[in-house]
Structure formats: C-alpha cells, structure tokens
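The chain contents come next:
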Number of protein chains: 2
Amino acid sequence: MNLKNLSEILGLSQTTVSRALNDYPEVSEATRERVKAAAAKHNYRANTRAKSLATGRSMAIGHVIPISTQHEIVNPIFADFIAGAGEVYSRNQHDMLLSVVPDVEEERTYRELAAKASVDGVIVHGPRPNDPRIPLLKSLNIPFVVHGRASDGDTDYSWVDVNNRRSFERATNFLFDLGHRKLALINGLEFMDFACRRKEGFLAAHAARGVEANPALMVSDEMTEDFGFKAAHSMLARADAPTAFIVSSMIMAIGVRRAISDARLKMGRDISVIIHDDALSYLPNGAEIPIFTATKSSVHEAGKLCAQMLLDIIVAEDKSPRHTQLESELMVGESTGPA
Amino acid sequence: MNLKNLSEILGLSQTTVSRALNDYPEVSEATRERVKAAAAKHNYRANTRAKSLATGRSMAIGHVIPISTQHEIVNPIFADFIAGAGEVYSRNQHDMLLSVVPDVEEERTYRELAAKASVDGVIVHGPRPNDPRIPLLKSLNIPFVVHGRASDGDTDYSWVDVNNRRSFERATNFLFDLGHRKLALINGLEFMDFACRRKEGFLAAHAARGVEANPALMVSDEMTEDFGFKAAHSMLARADAPTAFIVSSMIMAIGVRRAISDARLKMGRDISVIIHDDALSYLPNGAEIPIFTATKSSVHEAGKLCAQMLLDIIVAEDKSPRHTQLESELMVGESTGPA
DNA sequence: GCAGGTATTCAAAGCGCTTTGGAAATGATT
DNA sequence: AATCATTTCCAAAGCGCTTTGAATACCTGC
C-alpha cells in the first residue's frame, strides 16, 4: 500500500491525500477524515525513505558506539542511556541509528553518516579531553550533542554533563568529615574526560583540607568488577592501607566489596566506600536504603536530556550551543561510617 | 556532493558513475579508477535514502527493545548483544535501527516498521512461550530471527538460542555429583522462555536422581542484584537452607554473594554457587580462574550469530527457517565445592 | 572494407513521497 | 449577475539514486 494506491482508492490526488495526512490546512475537514480513515483501514504509513528523500530530513538520530579495540568492552551505562534517549525519539517520531564501530574507525563513521545523509544529528559518547570528534562534527556541519564534556579551550558546542568534579569533591569532603584521612580513589580510565574531572575533584578537596593525597592509592583503569577487586585487594594489603574508598562506578564497587569481604572486613564499619552511581536500571543501589553511599545521577535521565536537546537544536532557528550541567545527589547509604 | 555533481565533474553520465562505484562489469577499468578516485577526493558517498528508494532495500536491520512497563528495566545483556550484532552489520554495510518501546506497544512498532519499509529484517528479543510477535512478523512477511525460542507448536521460524534446558540440567547434576542435595534455583521471570527452560532442566535433573525439589527454594523475578540478595538472604535463614545455589545470571549472583558473605559464610567452602554466565564484557567472571563456576555462553557471540543469520536469510533464495543451538560450556570456578 | 560481435557509455524512466504553482469550485459581496 | 476572495483540489516537478534499453565506439575475422 502506497500513496498512489491509496489516492486511487479514495479518488483523490496524491497531493490531497498527502496533505490530509500531514495535517496541512488546505484540505477540508471532511476529506481529511475520510483520508485518515482509509489510511488506518489499509494500514498505510508513508515510506520513510521516500519521505525523507522528499523532505530532506531523515528523522533519525545517529549514535556511534565506539568499542575499545584493546579491551572490547561495551560501556555498561550504554544500555540505560540508549533507553532514555530512545524514549524521547519514539515520542517524537524519530528513529535511532546505531553504529557500533572500533574506536579507531570512529572518524570514518561520522564522515559517512554525514555524506550519506542518513541522520539529522548525532550524539557523541565518551568524550575525551581535546576530543577530535568535536571539530570534525563542526566541520561536517551536522548537529550534535555531547554526553559529557571535552575539556579544552573550545566549549562552543552543546553538551549534557554531570558536575563530576563537584560530585567527587563532595564525596571526598564527606569522608573527611567522617574523620577519614587515608582515602583511595579507584577511577575509570583517565583519558576519559569524566574520570579526569573526578580526579580533579578528589585532589581539590585534599588541597582544601591540606591533606596529602597518596599516589599509591589512586588508580585508574577500565571499570570492571575485576579491576575494582584487584585494586582494593592490593591496597588493603598495604601498610598504609586506606580507611575509605571512592569508587567511580557501581560495577567496580562490587569488586571492591568482594575484596573487603575477602579481607574479613565489614563495609561501613571497618572501612568506608562511596561510589558514583549512574542509577543503572539493572543494578539498583539496594532497595529501601542504599547499599552504597553514593553520588547519584541517572544516566537514563541524561539520555533523555541529550536526545531532547538534540531534537530541539535540529528544529530551532537559534543553533547556538546549549549546556545542561546536572548535579548529582549525595545519598547516604550503609557503606560509610566514621574512620 | 551528489551523483549529478560528481558525474558533471567527471564528464560522464550518472549511469556510468553509479556503475563504476558499484563494481558493475560494464565499465572499463580505467574509468572505474578515475571515478573512484574522484569520489574519494570529493568524499562522495551515495545518499542512503535515495539508494534504498531506488533499490527497494533499506540496508538496515531493526531491533525492537521492549521496556517492561512495570519495571522499566533494560535487559543488561542488551548492550553486549547489540555490540555483537552491530559488528556484523558494520562489516556488511548495514545500519542498525533501534526502537525502544514500552512492551505494550511492541506490536504497533513492528507494524510500523513493516509499513514504513524502514528495515529489511528484524531481530526479536526476549521471546516468551507462545510469543505473539512470531505470527505477527510472519503475517507482515518481514524476515526475522529470534534470539531465544518461543516454546509452542510452531517451530517454523529462525532462531539462535542456548540450550538452556541442558545447561541447567548439567549444572544441577554437577552439584549433585559434589554431594549436594538441597539446591536452590534463583531464576529470571518465568514467563520468559529461557527461564522456563532452565527450570525444566533443573527439575529434570532432580527427577533423574530421584531427588525432590523444594518449591520454597525455587524463586523467579527480574534479574537484579537486589533480588539475588533478598532471595539468598531469606533462603539462608531457613531451617532447610540450601547448600548450593543455581543462579540464572551474574548480576543476581552478585547479590547472592553479598547475602552469603553477610551470613559470614564462604562461597565454595560453606556453600556452593553455580551461575549462568552470559560473558558480559563489563562483568567478566574473574580474570584467570573464574570466580563463579558457570555455564557460560557469550551473548556477544549470540548477537553476531543472529545478525549473520538474518543477513543470510535476507539475501538467500531459500527462506526456510534456520536454527542454531549453542551449548554452554561448564566452567569450574572457585564458587563450588563438596557439600 | 565490412558484417558481426563486444566493450563502453548514455538518456530517461522510475522508486514513493512532498511541494510548487495553478485550476476549479464555492461563497461572499456588490 | 458579475466580481473577487477563499476553499479545495490537482498535475507535475523534484529529491538522489538505480536500472532498462538503446546508442556508440572498438575489435575481430573474412
């Protein structure tokens, strides 16, 4: 069933049928209803490809998901982010186009997306300091929103980000207030922008209190359970073992918890742990009272915000960059206590 | 830059340029090279929409990701599955179209996908016994592959699935062989096909050994850490507490581990745990030797297989259904020991 | 030197839609 | 009844590509 068929059935021109369906004013209410009824009856829906060829808009948003070539790891926050963004797209009749590519091929992918005109805009994931994708997308002249930020001079692009620096500064201060002085930081890969900022916050709090941060207690790597375990395990064996951990993700924290219980310590009593919680739907931080004290910020929500911002930019007259900085909530759970 | 421009620059017809780029034989090697060089120079790439309008093939595969309306949970295996499938699509110049929709709107979404002709095929996720999507997709006449199976009379569709029944039967027998008799099953929602089959395997092994399965030790729910914890916690408090747990996912198992360590028991010594491990990239089961004894089957691999199968079916003459049944590997880790 | 074949190239139609620039019908106004 | 403004509808062009059917150029062998 296509427009031609449908218009023949109705005894109307394609023009009229098209206008009726797209709610143009120059068609009488009577015919509009007749047309819509027929469309529903025959389960007609405009062919996307033809439609976007004619309009020049693809009604699709691209997400380029880089797979780290060394580690082959999918970012675990990805699913929830996508789910959030996807909701917004569905509501606005947009499709989501996913390209899963090795990180080394990202540039080529963006260029193709632009040349093939298959999307109206893209979301950039996992920015790094001085991220080359930002100038690239600007030069390709394709609307985009960055989830996170790329610290460099040029802040002239749209982003949605958590205030990572402040989150970790607060978390650190929270532990200081409880009397802890030997704090460990178990961070994500520090060539990622968010991890840099978190470390900055951690160090800033130390500086403000005049406490020396111990370099041996600051590590960073891919955010897996296994790394969390190994890092915590070896730190706990040290003479200058920490009395508290600040951990960049729930998944690493699960490893930390394993190391703690292997050491026959009790979290919250013998040792404190505070995490950043992305509020992943499949890893809720306990039910009633949080297992981990956490700086919490929903990545699902961030997905929604990014998507909405991008859709807004695409239709807006004013294409000037927009920024949304989210503050995480500091939620006290069972994993922290006095030193 | 479009075909017209490019052909004008080259002083050739659009026909010739198109054929040169698409490796048709009726164009001389000399001009082909000239054309390809020019295309590269001007960063030309055929407009996807125009191309697929002309060819009738969209070169895109749809994935409809249902969000449970009650729980708003994204399936944690989703990211790895998508990553696997995405790799295959990229390699074959296909796009992946994702629709994230509330489960109640799934049918409408499939109908739209078909009517709008925006994909050449779809992958069906999370099948249930007697899944209505299968007859629907058949009637819409759109190629599809199911990840998993829907137990009912009609097996006349393509699927890729793990032998869940056998996996759990083996796991159960493994525990029996270690001398365990009081086994607990912590399963996913049993209106999902995979969970049904796992339970069947669990019960079949019991029946074969003449051991009575204790209904109080078989639970099923959304597969979260929290549910794993609560289930194990309450079971361990029982008079007829189990000596071993069979757990349907890594994430639930993490909760089980928490309950075990809270009870001051040691996994592998005081109590055994065997899990099903989907080999999620961000939740590896330990590094050298597995933390959990597990029936392991990579969902990333399953994603690749589903994608490849679907692409094959789309181009094949023979559209008859194909099946791939994967056997999981039983990997012995540190979480099991004699009763 | 020419028929017959092959290797190249091209003009134009068509994919299914939107949209421009009228045309026809209707209604209001004189 | 004639005029003009509105409504309501339509034919046809165009989006950027592929593909059909035909034309042209280039070789053969006799």
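Please read these numbers as outputs of a predicted model, since none were measured by experiment.

## Some points on the sheet that holds strand 8 (residues 244-247) of chain B
Residues and elements named next belong to chain B.
Then, number 1: In spatial order, the strands read 7-6-8-9-10-12; together these 6 strands make up an open sheet with mixed pairing. Bordering the open sheet on either side are strand 7 (218-220) and strand 12 (329-331), each of which pairs with just one other strand. When strand polarity is set aside, the average angle formed by the axes of neighbouring strands in this sheet is 15°.
Then, number 2: Sheet strands in contact with helix 9 (residues 193-209) are strand 6 (183-187), strand 7, strand 8 and strand 9 (272-277), and its direction is about 170° off that of strand 6.
Then, number 3: Contacts from helix 10 (residues 225-236) reach strand 6, strand 7 and strand 8 within the one sheet, and its direction differs from that of strand 6 by about 160°.

## Side note on the packing of helix 5 (residues 78-91) of chain A against helix 5 (residues 78-91) of chain B
Then, number 1: One can describe the packing of helix 5 of chain A onto helix 5 of chain B by two numbers: an axis separation of 8 Å at closest approach and a directional angle of 85°. For the element pair helix 5 of chain A / helix 5 of chain B, the angle class is roughly perpendicular. Across from Phe78(A), Ala79(A) and Ile82(A) in helix 5 of chain A, the residues of helix 5 of chain B making contact are Phe78(B), Ala79(B) and Ile82(B).
Then, number 2: Of the residues assigned to the contact of helix 5 of chain A with helix 5 of chain B, the class counts are 6 nonpolar, no polar and no charged.

## Quick word on the protein's contact with DNA strand D
Then, number 1: What surrounds DNA strand D is a group of 27 residues, the closest being Thr15(A), Leu3(B), Ser18(B), Arg19(B) and Tyr24(B).
Then, number 2: At the protein interface, 58% of the atoms of DNA strand D within 4 Å belong to sugar or phosphate.
Then, number 3: Within the side chain of Thr31(A), one N or O atom sits 2.9 Å away from a phosphate oxygen of DNA strand D.
Then, number 4: Residue Leu3(B) places a main-chain N or O atom 2.3 Å away from a phosphate oxygen belonging to DNA strand D.
Then, number 5: Secondary structure elements with two or more residues in the surface near DNA strand D: helix 2 (14-21) and helix 4 (48-55) of chain A together with helix 2 (14-21) and helix 4 (48-55) of chain B.
Then, number 6: Considering only residue class, the surface near DNA strand D consists of 10 nonpolar, 13 polar and 4 charged.

## Some words on the protein's contact with DNA strand C
Then, number 1: Around DNA strand C, the surrounding shell holds 27 residues, and the nearest of these are Leu3(A), Ser18(A), Arg19(A), Tyr24(A) and Thr15(B).
Then, number 2: At 2.8 Å from a phosphate oxygen of DNA strand C is found a side-chain nitrogen or oxygen belonging to Tyr44(A).
Then, number 3: Here Arg19(B) contributes a side-chain N or O atom positioned 3.1 Å from a base nitrogen of DNA strand C.
Then, number 4: Every element with two or more residues in the surface near DNA strand C is listed here: helix 2 and helix 4 of chain A together with helix 2 and helix 4 of chain B.

## Observations regarding the packing of aromatic side chains
Then, number 1: Scanning all chains against the criterion turns up 2 aromatic pairs over all chains.
Then, number 2: On the basis of an interplanar angle of 5° and a centroid distance of 6.1 Å, the ring pair of Phe78(A) and Phe78(B) is categorised as stacked. Of this pair, Phe78(A) sits in helix 5 while Phe78(B) sits in helix 5, on two different chains. Neither Phe78(A) nor Phe78(B) differs from the other in exposure class; each is buried.
Then, number 3: A centroid spacing of 6.4 Å and a plane angle of 40° characterise the contact between Tyr282(A) and Tyr282(B), whose relative ring orientation is tilted. Placement of Tyr282(A) in the loop between strand 9 (272-277) and strand 10 (293-296) and of Tyr282(B) in the loop between strand 9 and strand 10 (293-296) is noted, with the two residues assigned to different chains.

## A closer look at the interface of chain B and chain A
Then, number 1: Across the boundary between the two partners, chain B contributes 56 residues, which contact 56 residues of chain A.
Then, number 2: For the pair chain B and chain A, the two sides together bury roughly 4,900 Å², of which 59% comes from carbon and sulfur.
Then, number 3: Considering only the side of chain B, the residues that lose the most area to chain A are Arg45(B), Arg49(B) and Tyr282(B), jointly responsible for 15% of the buried surface there.
Then, number 4: Linking chain B to chain A there are 6 salt bridges.
Then, number 5: Between Arg257(A) and Glu225(B) there is a salt bridge, with the nearest N and O atoms lying 2.8 Å from each other.

## Digging into the relation of the copies chain B and chain A
Each of the two chain copies can be brought onto the other by rotation about an axis and movement along it.
Then, number 1: For the pair chain B and chain A, the relating rotation is 180°, the translation along its axis is 0.0 Å, and the fit reaches an RMSD of 0.1 Å. When the rotation and shift are considered jointly, the pair of chain copies conforms to a two-fold rotation axis.
Then, number 2: In this assembly, 100% of the residues forming the interface of chain B have copies in chain A that are likewise at the interface, indicating an isologous arrangement.

## Section: the pairing of strand 5 (residues 158-162) of chain A
Residue and element names in this part refer to chain A.
Then, number 1: Of all 5 residues making up strand 5, 5 are buried, and the element is well covered by its neighbours.
Then, number 2: Burial along strand 5 is two-sided: Ser158, Val160 and Val162 and Trp159 and Asp161, pointing in opposite directions, are all buried.
Then, number 3: With 3 bridges connecting them, strand 4 (residues 144-147) and strand 5 associate as parallel partners. Residue pairing across strands places Val145 opposite Ser158, the latter belonging to strand 5.
Then, number 4: Direction of pairing for strand 5 relative to strand 11 (residues 323-326): parallel, over a ladder of 4 bridges. When the bridges of strand 11 are listed, Asp161 appears paired with Gln325.

## Observations regarding the domain arrangement of chain A
Then, number 1: Each domain of chain A was delimited in the assignment, giving domain 1 (3-46), domain 2 (60-162 + 299-326) and domain 3 (164-297).
Then, number 2: Relative to domain 3 of chain A, the C-alpha centre of domain 1 of chain A lies at a distance of 60 Å.

## A word on the pattern of salt bridges
Then, number 1: For the structure on display, the rule yields 48 salt bridges over all chains.
Then, number 2: A salt bridge links Lys230(A) to Asp226(A), with the shortest nitrogen-to-oxygen separation between them at 2.9 Å. Here Lys230(A) pairs with Asp226(A), and both are found in helix 10 (residues 225-236), just 4 residues apart, close to one helical turn.
Then, number 3: Classification of Asp226(A) by relative accessible area gives buried; the value is 12%.
Then, number 4: One salt bridge in this structure joins Asp193(B) and Arg197(B), with 2.6 Å as the shortest N-O distance. Taken as a pair, Asp193(B) and Arg197(B) lie in helix 9 at a separation of 4 residues, close to a single helical turn. Grouping residues by exposure puts Asp193(B) and Arg197(B) together as buried.
Then, number 5: Through salt bridges with shared partners, a single ionic network connects Asp23(A), Glu29(A), Arg32(A) and Lys36(A).

The rules behind these values
- Residues numbered from 1 in each chain as written.
- Chains lettered and ligands numbered in written order.
- Predicted model: local features only at pLDDT ≥ 70, side-chain atom pairs only at ≥ 80, totals over all residues.
- Heavy atoms only, no water.
- Pairing = 2+ DSSP bridges.
- Helix = DSSP H or I, 4+ residues; strand = E, 2+ residues; numbered from the N terminus.
- Axes fitted to C-alpha atoms, helices over the stretch in contact; angles between N-to-C directions.
- Contact = heavy atoms within 4.5 Å.
- Parallel < 35°, antiparallel > 145°, perpendicular 65-115°, else oblique.
- Nonpolar A, V, L, I, M, F, W, Y, C, P; charged D, E, K, R; others polar.
- Near = heavy atom within 4 Å.
- Polar contact = N/O pair within 3.5 Å; in protein donor to acceptor, adjacent residues only side chain to side chain.
- Phe/Tyr/Trp six-rings, centres within 6.5 Å; stacked < 30°, edge-to-face > 60°.
- Buried < 20%, exposed > 50% of the residue type's maximum accessible area, 1.4 Å probe, protein only.
- Buried area = accessible area lost by both parts, 1.4 Å probe.
- Salt bridge = Lys/Arg side-chain N within 4 Å of Asp/Glu carboxyl O.
- Least-squares fit on C-alpha atoms with pLDDT ≥ 70 in both.
- Domains from an automatic or database assignment.

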